[in-house]
Amino acid sequence: MEFTRKNRQLLSRIATNDRHGENSPYFDGWKAYDSNPFHPIHNPDGVIQMGLAENPLCFDLIEKWIRENPDASICTAEGLDKFKDIAIYQDYHGLREFREAVAKLMGRVGGNRVTFDPNRIVMSGGATGANETAIFCLADPGDAFLVPSPYYAGFARDLRWRTGVEIVPVHCKSSNNFRITRAALEEAYEKAQRSNINIKGVIITNPSNPLGTVLDKETLRSLVSFVTDKKIHLVSDEIYAATVFSSPRFISVAEVMQDMDCNRDLIHIIYSLSKDMGFPGFRVGIVYSFNDDVTNCARKMSSFGLVSSQTQFLLASMLSDDEFVGNFLRESSKRLAKRRHVFTKGLEEVGISTIKSNAGLFFWMDMRPLLKEQTTKAETELWRVIINKVKLNVSPGSSFHCSEPGWFRVCFANMDDKTVEVALDRIREFVLQGKEENNHEADKSQGRAQRWRKQNLRLSFSSSRLYDESLMSPHMISPHSPIPHSPLVRART
Amino acid sequence: GSVIPCALFYFLQLYLKRHRSPKPQSNPPSPTTSSPKLAEMTRTSSRSNLFSRSIGQVRISSRAISIAKPNESPYYIGLDKASEDPYDRLSNPDGVIQLGLSENRLCFDLIEKWMSENLGHSITGRDNGELNINGIATYQPFDGTMELKLAMAGFMSHIMGGAVTFEPSQMVLTAGATPAIETLCFCLADQGNAFLVPTPYYPGFDRDVKFRTGVELIPVHCRSTDNFALSITALDQAFNQTRKHGTKIRGILLSNPANPVGNLLSREMLYAILDFAREKNIHVISDEIFAGSMYGNEEFVSMAEVLDSEGFDKNRVHIVYGLSKDLSLPGFRVGVIYSFNENVLAAARKLTRFSSVSAPTQRLLVSMLSDARFIEEYIKTNKRRLQNMHALFVAGLKGLNIRCADSSAGLYCWADMSKLISSYSEKGELELWDKLLNVGKINVTPGSACHCIELGWFRCCFTTLAEEDIPVVLERIRKAVENTTDLLNSS
């Protein structure tokens, strides 16, 4: 077929390059999980999903609220009178009640130390869309952003793919708990300048993904003064703000700005309901900028990712129910804390340490002692073993661009308690087995290790087809609840 | 002997590169937050300089600078004005009547009735009490659930008269047709490339295609003499001229049924376009979002239907659809990219990460779209009411000696008000638009906003009106153009 040969040339560079970053091992793990998903009864030897930062721990609370508030949904008998107005509403400003409710939530999550202006709330297609929109507004193709590492693997796509903007990592080290230091920022900035790379700003995630830690006031102030000095932007991705489950408390960059001499036009916040509320399916991303031009521009771009008005309406109702929100946040913290503790203890028992964290839906696990050598290659080898032998989908530090090999991000919120037990058992068994081996003769352990390596450890799936299938169908993601096989609601007639 | 000239040449190139003036960028019309007076509209370039100076030392992207400006397109100014002071027969009879937004309010009662009869008490579950938010709150496939794709495929087929079947696996669902168009542009063209687009065209294309992709739109002018039909000669001319200027054409962007004219592309025309595309090795994007808004007797033929029947190369054809017009649900943000090209689909699927359909909405629609009997009734009733409204409105305009282009579909009519403009110029047209908006208090879209090569044409959407509103609209037009002799001569 004549066309197919010419076909690839007929597509754009964006469609054919791999700046979407989905060829990274971060996404490789999905495939392993997808082809063999764990189920306590049907597939007890399957791969346990610990690479997806999802938070279904409090779904029961949400379900209860929805059941008790039928008029919040315009598609029920109670809410139908509003249907017409909502269904037709496509104004990119967004429903006023929705923006007010989101602004209130953001304030609440920051301990009510800041008030957020509903008029600065701009919608986008999930946090993914929000991050991308921010970059579209702040930088031109070829510009770059400093990003402290380790950082979220999806940034490669969200910040770079269609925007043409580059990422310059600012490497943070375990020796000081991966703190972002002024010195490291300065160094990265200078180096970039020398290579003629135009740095337009810094992106931070606070609380951090993958570390699960919150930034302290000093670091935040240092960041704000750094960007003010250099006249570059600061984008603070705060989507995990409400997943803080123990002290220290979350501090938004908005709070720190209040009593600092800084250029407000440089500060922008990204928010979402995917993590805090556990609503990734709703696709609610928020760009909150203190810069009027950026707000205007982002708002116009929101046409490409508006939140469904039906969803806006529902959320406006839910999030303005103060009692519900308060209770939800408290419960969520409690359950996250408990879950985190179970893992911390379980891992301690076998001598695995994790970064001390108080937020996020994951923890940063230190597997450096188990590496044959402190290299990325060894880390990747170990990771393959964990996926294929231990059957846990965890994410290797290299996919987060961590400069030190041996760290792994493990998501702990998206499973039920029984599965947690299974996961811990597997880890324990693996670690103890490893220790046992080290006690044997060198050749014996080498033999077993070799056998491991000889087995089909290579992830042989072609990475270009990674995201093609319905990777994250609801049937696979949370095996803990009896998911109906189809969410189809059949009409009565 | 050769080093010096080479060195000189090199430095000349360097010099030229440094001092090359930036390509003049056409101003993407973007929605405004204020309504500048008519006089300010022509001062575009000086205004942009002022604006960038006022930003101060903080530089945002060049893209953002032009987008953040208050918009000067009458399309958006009018929309704003109408939404600030909306007409209501009872509570605000002097408000602005919105005829500039192609929205269909004619059949909401049917949808409401369906909801109340079918949807129990929750968005998440069925009536039997089984409630599970897991199915909608968690991450879903970013390009839409298979259930919704299936339902959508069935719906699209039905809406287009059953002449073609759509394959769910070739579908990518997006948050509205707006991101569908943008996503396709990102897949099919690089920055600096261009698409050919017949004029007059939907003002939103300027945003969808150009805002963030850096892709250009090259107009292919159509004229009233042949009822704004597209001609291959015109396409060819535009293609060659653009190529001469060094810009690469990557495809043709069509809307069929056409917006704002409302005419259809004939089967023969579709063949001709496909032949042209094959000859030039370019893509065809067919935006068929108004396929279900037919009121005429002509038969709508989808690109998909033509591809099915003939041996055309399907890999270059991509169809855009959405539920904002045919099903009146613009707020829900549901769009479709339908392609036969596996590589485009693969890329588009990854890109839907940025604009996915909200899960609760997906669930609701699966239910609604699968109800064949309801959809059948809806389509029939919608067509009847559209026909009725269209006939009344066009007859009413005729009574004012304003004739409309021949059309068979859409939620609007394309009215020729050239006899009512003071001077045959863009200024004259905008003056009439301004008079209609500020004196007559009706918002219509002037042809210049749609890049029409002829002056005096206006798009008037009639589906936001009730029958009783029509005389009000006509009266207001009369009042606004009272002093024009032609109008007085009509009756």
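Residues numbered from 1 in each chain as written. Chains lettered and ligands numbered in written order. Predicted model: local features only at pLDDT ≥ 70, side-chain atom pairs only at ≥ 80, totals over all residues. Heavy atoms only, no water.

Asker: Mind laying out the side chain of A:Arg426, listing which residues take part and the relevant values?
Answerer: All names here are of chain A. Inspection of the secondary structure puts Arg-426 in helix α16 (residues 417-439). The buried charged residue Arg-426 lacks any salt bridge partner; its closest oppositely charged side chain belongs to Asp-45, at an N-O distance of 4.9 Å. A distance of 2.9 Å separates the side chain of Arg-426 from the backbone oxygen of Gly-46, its partner in a polar contact. Each residue touching Arg-426, except ones within four places of it in the same chain, is listed here: Phe-38, Pro-44, Asp-45, Gly-46, Ile-48, Val-390, Lys-391 and Leu-392. (Helix = DSSP H or I, 4+ residues; strand = E, 2+ residues; numbered from the N terminus. Buried < 20%, exposed > 50% of the residue type's maximum accessible area, 1.4 Å probe, protein only. Lys, Arg positive; Asp, Glu negative; His and termini not counted. Salt bridge = Lys/Arg side-chain N within 4 Å of Asp/Glu carboxyl O. Polar contact = N/O pair within 3.5 Å; in protein donor to acceptor, adjacent residues only side chain to side chain. Contact = heavy atoms within 4.5 Å.)

Asker: So what about the pattern of salt bridges? Which residues, and what values?
Answerer: Residues and elements named next belong to chain B. Summed over the entire model, instances satisfying the criterion amount to 49 salt bridges over all chains. With a closest N to O distance of 3.3 Å, Glu-468 and Arg-89 form a salt bridge. With Glu-468 in the loop between β13 (457-461) and α17 (469-480) and Arg-89 in the loop between α4 (74-84) and β1 (97-98), this pair connects stretches of sequence that are 379 residues apart. Here Glu-468 falls in the partly exposed class, since its relative accessible area comes to 46%. Under the relative-accessibility criterion, Arg-89 is labelled partly exposed at 40%. Residue Asp-206 is joined to Lys-210 by a salt bridge in which the shortest nitrogen-to-oxygen separation is 3.7 Å. In this pair, Asp-206 and Lys-210 both sit in helix α9 (residues 204-210), four residues apart, roughly one turn of the helix. Across this residue pair, the class does not change: Asp-206 and Lys-210 are buried.

Asker: Residues and numbers for the pairing of strand β5 (residues 199-205) of chain A, please.
Answerer: Residues and elements named next belong to chain A. Burial analysis of β5 places seven of its seven residues in the buried class, the great majority of the element. Sheet analysis places strand β3 (residues 144-149) next to β5, joined by three bridges and oriented parallel. Bridged to Leu-146 within β5 is Val-202. The sheet contact formed by β5 and strand β6 (residues 233-237) spans five bridges and is parallel. Bridged to Val-202 within β6 is Leu-234. A crossover connection joins β5 to the parallel β6 through helix α10 (residues 217-230); in handedness this β-α-β unit is right-handed. (Pairing = 2+ DSSP bridges. Right-handed = clockwise from strand over helix to strand, strands pointing away.)

Asker: An account of the nonpolar core is needed here, citing residue identities and associated values.
Answerer: Of all hydrophobic cores here, the largest spans 327 residues; its most connected members are A:Val202, B:Met152, B:Phe166, B:Leu369 and B:Phe393. Once you skip the residues sitting within four places of it in the chain, B:Phe166 turns out to touch B:Ala153, B:Met156, B:Ser157, B:Met160, B:Met171, B:Ser302, B:Ala304, B:Ile319 and B:Tyr338. (Core = buried A, V, L, I, M, F, W, Y, C linked by side-chain atoms within 4.5 Å.)

Asker: Residues and numbers for the packing of helix α4 (residues 59-68) of chain A against helix α14 (residues 322-349) of chain A, please.
Answerer: Residue and element names in this part refer to chain A. The N-to-C vectors of α4 and α14 enclose an angle of 160°; their axes lie 10 Å apart at closest approach. In terms of axis orientation, α4 runs roughly antiparallel to α14. Between α4 and α14 the crossing geometry is right-handed. Along its contact with α4, which presents Asp-60, Leu-61, Ile-62 and Trp-65, the element α14 presents Phe-324, Phe-328, Glu-331 and Arg-335. Its residues placed into classes, the contact of α4 with α14 shows five nonpolar, no polar and three charged. (Axes fitted to C-alpha atoms, helices over the stretch in contact; angles between N-to-C directions. Parallel < 35°, antiparallel > 145°, perpendicular 65-115°, else oblique. Left-handed = near helix turned anticlockwise from the far one by under 90°. Nonpolar A, V, L, I, M, F, W, Y, C, P; charged D, E, K, R; others polar.)

Asker: For the pairing of strand β13 (residues 407-411) of chain A, give the residues involved together with the corresponding values.
Answerer: Residues and elements named next belong to chain A. The buried count for β13 comes to five of five residues, which makes it a mostly enclosed element. What you see with β13 is no split at all: Trp-407, Arg-409 and Cys-411 on one side and Phe-408 and Val-410 on the other are buried throughout. With five bridges connecting them, strand β10 (residues 362-366) and β13 associate as antiparallel partners. Considered in β13, the bridge of Trp-364 is made with Arg-409. Two elements, strand β12 (residues 395-396) and β13, share two bridges in a ladder whose sense is antiparallel.

Asker: Kindly report on the sheet that holds strand β9 (residues 353-354) of chain A, identifying the contributing residues and their values.
Answerer: Residues and elements named next belong to chain A. Reading across the sheet, the four strands line up as β9-β10-β13-β12 and stay open at both edges, with antiparallel pairing between neighbours. The open sheet is flanked by β9 and β12, the only strands paired with a single partner. Pairing of β9 with β10, which is carried by two bridges, proceeds in the antiparallel orientation. Paired with Ser-353 across the two strands is Asp-366, which belongs to β10. Along the sheet, α14 makes contact with β9 and β10, crossing β10 at roughly 10°.

Asker: With reference to specific residues and values, describe the sheet that holds strand β10 (residues 412-416) of chain B.
Answerer: All names here are of chain B. Spatially, β9-β10-β13-β12 is the arrangement adopted by the four strands of the open sheet, whose pairing is antiparallel. Edge positions in the sheet fall to β9 (403-404) and β12 (445-446), since each of these pairs with one other strand and no more. Lying over the sheet, helix α16 (residues 426-438) contacts β12 and β13, oriented at roughly 30° with respect to β13.

Asker: Explain the domain arrangement of chain B to me, and be specific about the residues and the numbers.
Answerer: Residues and elements named next belong to chain B. By the assigned domains, chain B splits into domain 1 (68-107 + 382-489) and domain 2 (109-374). For domain 1 and domain 2, the distance between their C-alpha centres works out to 26 Å. The interface is formed by 31 residues belonging to domain 1 together with 37 residues belonging to domain 2. Taken together, both faces of the contact between domain 1 and domain 2 bury some 2900 Å²; the carbon and sulfur share is 53%. The interface formed by domain 1 and domain 2 holds one salt bridge in total. Those elements that provide at least two residues to the side of domain 1 that touches domain 2 are α4, α15 (372-399), β10 and β13. A total of six residues in the side of domain 1 that touches domain 2 trace back to one element, the largest contributor, which is α15. When the residues that make up the side of domain 1 that touches domain 2 are grouped by side-chain class, the tally is 16 nonpolar, 10 polar and five charged. (Domains from an automatic or database assignment. Buried area = accessible area lost by both parts, 1.4 Å probe.)

Asker: Describe the domain arrangement of chain A, with residues and values.
Answerer: Residues and elements named next belong to chain A. Considered domain by domain, chain A is made up of domain 1 (7-58 + 327-434) and domain 2 (72-321). Inter-centroid distance (C-alpha atoms) of domain 1 to domain 2 is 24 Å. Taken together, the 37 residues of domain 1 in the interface contact 44 residues of domain 2. A combined buried area of about 3400 Å² lies between domain 1 and domain 2, and 59% of that area is made up of carbon and sulfur atoms. Our count for the domain 1 to domain 2 interface comes out at one salt bridge. Between Glu-166 and Arg-19 there is a salt bridge, with the nearest N and O atoms lying 2.9 Å from each other. Along the contact surface separating domain 1 from domain 2 lie 20 residue pairs in polar contact (both at pLDDT 80 or more). For the side of domain 1 that touches domain 2, the elements supplying multiple residues, two or more each, are α3 (25-35), α14, β10 and β13. Sort the elements by how many residues they give to the side of domain 1 that touches domain 2 and α14 lands first, with six residues.

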